[in-house]
Amino acid sequence: MSSEPRREQLLNAADRVVQREGPGASMNAIAAEAGITKPILYRHFGDRNGLIRSLTDRHTAGLLSAVRAALAEPLERRDRVEHVLDTYLAAIESRPQVYRLLTHPEPGDPTGAGNALAPALRQIADEITKAIQGEVDLGAESPLLSETWGRSITGMVLAAGDWWLEQRPCPRARMVQALADLLWGRLAAAGTLPSAVNHPET
């Protein structure tokens, strides 16, 4: 088997082990799951840090792609807000242990894996900012408000999603509604830019 498909198989095995055992999953466990020896893992990824980096790159890219697709859906504004929120919460709910790997560093963790989601979150904030700028009429302060809202929405959803995943106080649909209600006040009151009316898919 060529190198890239083999790497994907090994990452799939690592994914399964992290889901079962959490962020501290060992190379021994991952090798056993893949039915190989540890040296083969090292050959493909260099060391555990390299494997974790590859795994986090895969998941952050997938999350960013899913959020971008949700933002691009030609939906009414409230429906789009809920769709984006649900997309993010569904992603972290489907792989909670991987999410913890991306966001919660273990004490003394040399990989930096616990901060791996940060670049993707910055990109998500950029995407939300662009969507607001392109569609919502915020008047003369649009550049400032769009940027502020894009960053704030991303941070709010990160914090709320982290708490929701840990505590599970309600079903995902109810959490989506609660977050959308919080966001909805000024968004509902703001007009729609003519360019967004002419190009609803933007």
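Here the structure is a predicted model, which is why all the values come from computation and not from measurement. (Residues numbered from 1 in each chain as written. Predicted model: local features only at pLDDT ≥ 70, side-chain atom pairs only at ≥ 80, totals over all residues. Heavy atoms only, no water.)

A. Representation of the pattern of salt bridges within the structure. What the rule picks out here adds up to 16 salt bridges. Arg20 is paired through a salt bridge with Glu33; the nearest N and O atoms lie 2.9 Å apart. One end of the pair, Arg20, is in helix H1 (residues 3-21); the other, Glu33, is in helix H2 (residues 27-34), and 13 residues separate them in sequence. Residue Arg20 is classed as exposed on the basis of its relative accessible area of 52%. Overall, the relative accessible area of 26% leaves Glu33 in the partly exposed class. Between Asp86 and Arg172 there is a salt bridge, with its nearest N and O atoms 2.7 Å apart. One end of the pair, Asp86, is in helix H5 (residues 77-94); the other, Arg172, is in helix H9 (residues 172-189), with 86 residues separating them in the sequence. When salt bridges that share partners are traced, they join Glu8, Asp15, Arg58 and Arg95 into one network. (Salt bridge = Lys/Arg side-chain N within 4 Å of Asp/Glu carboxyl O. Helix = DSSP H or I, 4+ residues; strand = E, 2+ residues; numbered from the N terminus. Buried < 20%, exposed > 50% of the residue type's maximum accessible area, 1.4 Å probe, protein only.)

B. Representation of the nonpolar core within the structure. Core analysis: the biggest nonpolar cluster contains 54 residues, and Leu41, Leu51, Leu85, Tyr88, Leu89 and Leu117 have the highest contact counts within it. Per-element tally for this core: the top contributor is helix H4 (residues 48-72), with 8 residues. (Core = buried A, V, L, I, M, F, W, Y, C linked by side-chain atoms within 4.5 Å.)

C. Geometry of the packing of aromatic side chains. In total, this model carries 0 aromatic pairs according to the counting rule given. The cationic tip of Arg78 hangs over the ring face of Trp184; the distance from NZ or CZ to the ring centre is 5.7 Å. We note Arg168 situated over the ring of Trp164; from NZ or CZ to the ring centre the distance is 4.8 Å. (Phe/Tyr/Trp six-rings, centres within 6.5 Å; stacked < 30°, edge-to-face > 60°. Lys NZ or Arg CZ within 6 Å of the ring centre and 35° of its normal.)

D. Local environment of the environment of Leu117. Topologically, Leu117 is positioned in the loop between helix H6 (96-103) and helix H7 (118-135). C-alpha of Leu117 to C-alpha of His59: the two residues are 58 residues apart in sequence and 8.8 Å apart in space. Each residue touching Leu117, except ones within four places of it in the same chain, is listed here: Thr60, Leu63, Tyr88, Tyr99, Leu102, Thr103 and Leu158. (Contact = heavy atoms within 4.5 Å.)

E. Region of the structure containing the side chain of Thr103. Relative to the helices and strands, Thr103 resides in helix H6. Residue class for Thr103 comes out buried when judged on its relative accessible area of 18%. Within the local environment of Thr103, its side chain forms a polar contact with the backbone oxygen of Tyr99, the two atoms lying 2.8 Å apart. (Polar contact = N/O pair within 3.5 Å; in protein donor to acceptor, adjacent residues only side chain to side chain.)

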